[in-house]
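# Structural features, examined
Take a look at the letters that make up each chain.
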Amino acid sequence: MSEKICIIGAGPGGYVAAIRAAQLGAQVTLVDHNILGGTCLNVGCIPTKSLLHCAEIFDEAKHAGEYGLNIDVKGYDWQKVQSKKNQTVKQLVDGVTGLMRANKISVIKATAKFETQNSLLLTKQDGSAQIVQADKIIIAVGSRPEIPNISGLEGNPLCIDSTGALSLEEVPKEMLVIGGGVVAVELATIYSVFGCKVTMLKRSPIILPSMDQELVDILVKSLAQRKIDIITGVKFLSAQNENARIKLNVEIAGQKKTFEAQKILVAAGRRINTENLGLEKIGIACGKNGEILTDDKMQTNIKNIYAIGDCLGKVMLAHTASAQGEVAAENACGHNLIYDGRTSPICVYTLPEFAGVGATEDELKSKNIDYLVGKFPLYANGKALIANGGEGMIKILLGKKYNEVLGVHIIGPRATDMIACGALMIGFEATIDDVCACIYAHPTVSEAIREAFLAAKSRAIHIPNK
Amino acid sequence: MVVEIKMPQLGLTMVEGTISAWLKQVGDEIKKGDPIVEITTDKLNNILESETDGFLLSINAPEGADVPVMGILGYIGQPGEKVPTTAQTPSAQQAQQPPAAAQAIPQENAASQPQAQQVAENVEPPAAAEVSGKRIKISPLAKKTALNLGININQIAGSGPGGRIVQKDILGAPPQKSSGGQVFVSKPPTRQRLSSMRKAVGTRMLASHSQIPCVTINVKVDVSELFELRAKLNANREKEKKFTVNDFIIKACAKTLASHKELIVSLSGEDVVYNQDINIGMAVALEAGLIAPVIRHADKLSLEEISIKAKDLAARARKGQLGVEEYQGSTFSISNLGMYQGVETFTSIINQPNAGILGVGSAISELDILADGSIVKKLFMRIAVTIDHRLLDGAQGAKFGVDMKKLLENPIEILV
Ligand SMILES: Cc1cc2nc3c(=O)[nH]c(=O)nc-3n(C[C@H](O)[C@H](O)[C@H](O)COP(=O)(O)OP(=O)(O)OC[C@H]3O[C@@H](n4cnc5c(N)ncnc54)[C@H](O)[C@@H]3O)c2cc1C
């Protein structure tokens, strides 16, 4: 008899787990009360990148004159920008639907709740309910935007979250962004290109804390050139509306201050969707924010139940959820796999792009790990110079003793695509010799990766070595 | 014409040598008399010089390989000349092995020369006791780590994707999180091939220990006066010319042996060989093992001469520069551990074909009761006479020991 596996949540964690389990011969049921694809496809990765791509074309078109192109840019049609995005999302959701069918996965549109450790109560939108039994259950319920506890924000129509920001009727003239994480920076970039005056406000002293701060500084300069103001160390007090505008009262370095705009975008933290799952009823161990605790096999304290993705409250990224989904599916089917997150990159889709994998320099310092640094500025790379005027930098970190790759950080054109080779290096435990023994095509931005490694040994070719 | 470079026979007993370093690289021009390769045997280091002019065409025995006498180490000839392809280093087992770890460590610098990279690529495990020939899946970092720690990757199960060995497998399982208390990380033992010297020492020790029924006679010697005399003699001598206790011991031993020639015998098949010369082998500890250079006619040499000779032999032994004749032909031996304060007495293993050896302990302050019943502080040393009971009996050893004691206790006699 094949294993009966039920998966709650059809985001990049859940639907990937479903496909892998089906490939391994399990009888799979996938439950989601929303559209297939979860946050990622519907209100996350894909729609943001679609808008960003439009922004990038727009931005380039505005600068076409610098390349000798006489393009007359007559603004944009926001409705079309939106529908292009919706069309891409729909195509991908349809693709996932087709994949479910092809893999003989039974998809049920309902809200799931634990009855016992082997059964779920599924309630459909029309109120009808059914119980499904399963040998193994994988929880992939994801997360949703959280509105921080600042008086006047909750329920305010002028305050939007990331989901709201992806389907605005029109581009606001000014927008305040609360938060300094990846989502905040990306949405700020999109709207500023479309002519919105963006001010980012952040409680902590730095933005993008998980990225290498030396390269973050380069991004901050680039955001400043786009006239995005970044204000850190902000204490948020309250908000209120006046004449269809929203005012935000804050305290900065002891001084009270009020900002106002057409919209406030809150992109500061996410809440985990585990409240109404009935986890306490069957005794699944959770942390204080409702995040589910698992081991590196993605197994919870209840042996037949696994959890993956955003609902673990650790690394909230689509590819992490998918990788964990495959591990959970394998283990649920009796295999023995361990999730190893070392190769999981973090990408920031800004203009230019920014990506990193492995340790940052600050992390190595704080762990007292001896390391070498290699850096290569992209103004010395032909392809980068052609693409964006050479803005950006590649920075790599090596273990001092064995010269193994500990971290690769890239800001510049195509950073998010190139980071894959950094992930490969770390996954294969490559050392500097292996990386430098490879030949990188010319002219590409990727050549600069090798140069950064050479620079760690003061033998970069295209910059003078210190 | 292509000329073979062969493993020379550097001593009568030499059966194989180890390539410790190539001093020329393939392609280098070589003049007759140029040093080309350094060879170590159980006893010495020797630099082989070229007997011909030409170019080094090939290296057939990598560094670290043990090669039998007359085995082919490489070829010298003119560029373009063909090296015999059937050339085989007689030690097939060794020749098949990858170059020793030292040569194989990938270059420090990134993107080192292609050649060096190729070498690194071919390297399989260090300390490759078993070369299995199968492909081992291992990450570059794990390989470097194994090389560095001297771990044999043949014996490691990989935990990475597809059974690939990753660094964590080399470093051993990470410490488990414990509820409290200290966590000790265990490191796997490392492994290395015995050096040829270590092997030779082992073989000789085992033969001696298993063939010779030996008896040891421990004798207590009052060396108070000897130390005083030595201090007096050394008072005005330059540092490097000062007499050591060992010089006195050698001289006293040789002098005593002159009247106890029954101890300098050897067993040869069914015969007893009565040696005539008093040639004293003195054991010298080296990093890699042990060697006993010989002071010939020690009974006929003055203390001064013995001192100079002993210092010179010891120094050159440590540098591996002794000639074969310098460590052969002893008729009696001394092993002195007296420089290790607190060593009281020990039994040496007889240095065949000798029939006796003297073990010398350190000088220790002790109380002594004089004839009048008074108690005084004195310096005592134990000497241990170990003899081959097939040829000698305890009484002979004891007589020698006691006579040597008398001489040491009346040290002025040593000098005359
Ligand atoms: C604006 C934005 C941009 C982003 N951009 C990127 C990016 O570029 N790259 C990247 O890697 N990540 C990005 N992310 C993060 C990424 O979207 C998430 O990490 C990812 O979607 C998490 O996948 P998941 O499967 O764990 O959960 P989700 O995608 O959140 O899916 C969970 C699913 O579970 C369903 N569900 C919840 N509770 C129940 C229940 N009780 N019963 C039935 N169904 C239930 C939900 O309807 C949902 O469909 C972005 C996120 C946002 C908000």
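This write-up is about the structure you can find in this document. (Residues numbered from 1 in each chain as written. Chains lettered and ligands numbered in written order. Predicted model: local features only at pLDDT ≥ 70, side-chain atom pairs only at ≥ 80, totals over all residues. Heavy atoms only, no water.)

Secondary structure summary: chain B contains 11 helices and 19 strands in total. Taken over 416 residues, chain B has a buried fraction of 43%. The contacts in chain B between residues at least 6 apart in sequence include a share of 61% that link residues at least 24 apart. (Helix = DSSP H or I, 4+ residues; strand = E, 2+ residues; numbered from the N terminus. Buried < 20%, exposed > 50% of the residue type's maximum accessible area, 1.4 Å probe, protein only. Contact = heavy atoms within 4.5 Å.)

All names here are of chain A. A cis geometry characterises the amide bond from Leu-351 onward to Pro-352, with omega recorded as 5 degrees. Mapped onto the elements of the fold, Pro-352 is located in the loop between strand E19 (346–348) and strand E20 (353–358). At the junction of His-442 and Pro-443, the peptide bond is cis and its omega measures out at -10 degrees in the coordinates. Position of Pro-443 relative to the elements: it lies in the loop between helix H13 (432–436) and helix H14 (447–456). Its identity as a non-glycine residue notwithstanding, Asn-243 has a phi of 50 degrees, on the positive side. Positive phi outside glycine occurs at Ser-458, with the angle close to 55 degrees. As for its position among the elements, Ser-458 is in the segment after H14. Note on Ser-458: relative accessible area 41%, which makes it partly exposed.

Tallying the contact residues gives 18 residues for chain A and 18 residues for chain B. Here chain A packs against chain B, burying approximately 1400 Å² in sum over the two surfaces, 51% of which is carbon and sulfur. Of all residues in chain A, A:Tyr402, A:Glu429 and A:Asp433 bury the most surface against chain B, accounting for 46% of the area lost on that side. Run the count over chain A and chain B and you get one salt bridge. The partner of A:Asp433 in a salt bridge is B:Lys144, with the nearest N and O atoms 3.2 Å apart. (Buried area = accessible area lost by both parts, 1.4 Å probe. Salt bridge = Lys/Arg side-chain N within 4 Å of Asp/Glu carboxyl O.)

What follows deals with empty space enclosed by the protein. Residues and elements named next belong to chain B. Summed over all chains, the structure comprises one cavity of 30 Å³ or more. Put simply, the largest cavity is a space of about 60 Å³. In terms of lining, the largest cavity is formed by 12 residues, of which the most central are Gly-11, Thr-13, Met-14, Lys-43 and Tyr-327. When its residues are assigned to classes, the lining of the largest cavity shows six nonpolar, four polar and two charged. A domain split of the lining of the largest cavity shows at least three residues from each of domain 1 (3–96) and domain 3 (196–415). (1 Å grid on protein atoms, 1.4 Å probe; cavity = no way out; pocket = protein on both sides within 12 Å on 5 of 7 lines; lining within 4 Å. Points joined across faces, edges and corners; volume = space filled by probe spheres on them. Nonpolar A, V, L, I, M, F, W, Y, C, P; charged D, E, K, R; others polar. Domains from an automatic or database assignment.)

Function cannot be inferred from these measures alone, as they are strictly geometric.
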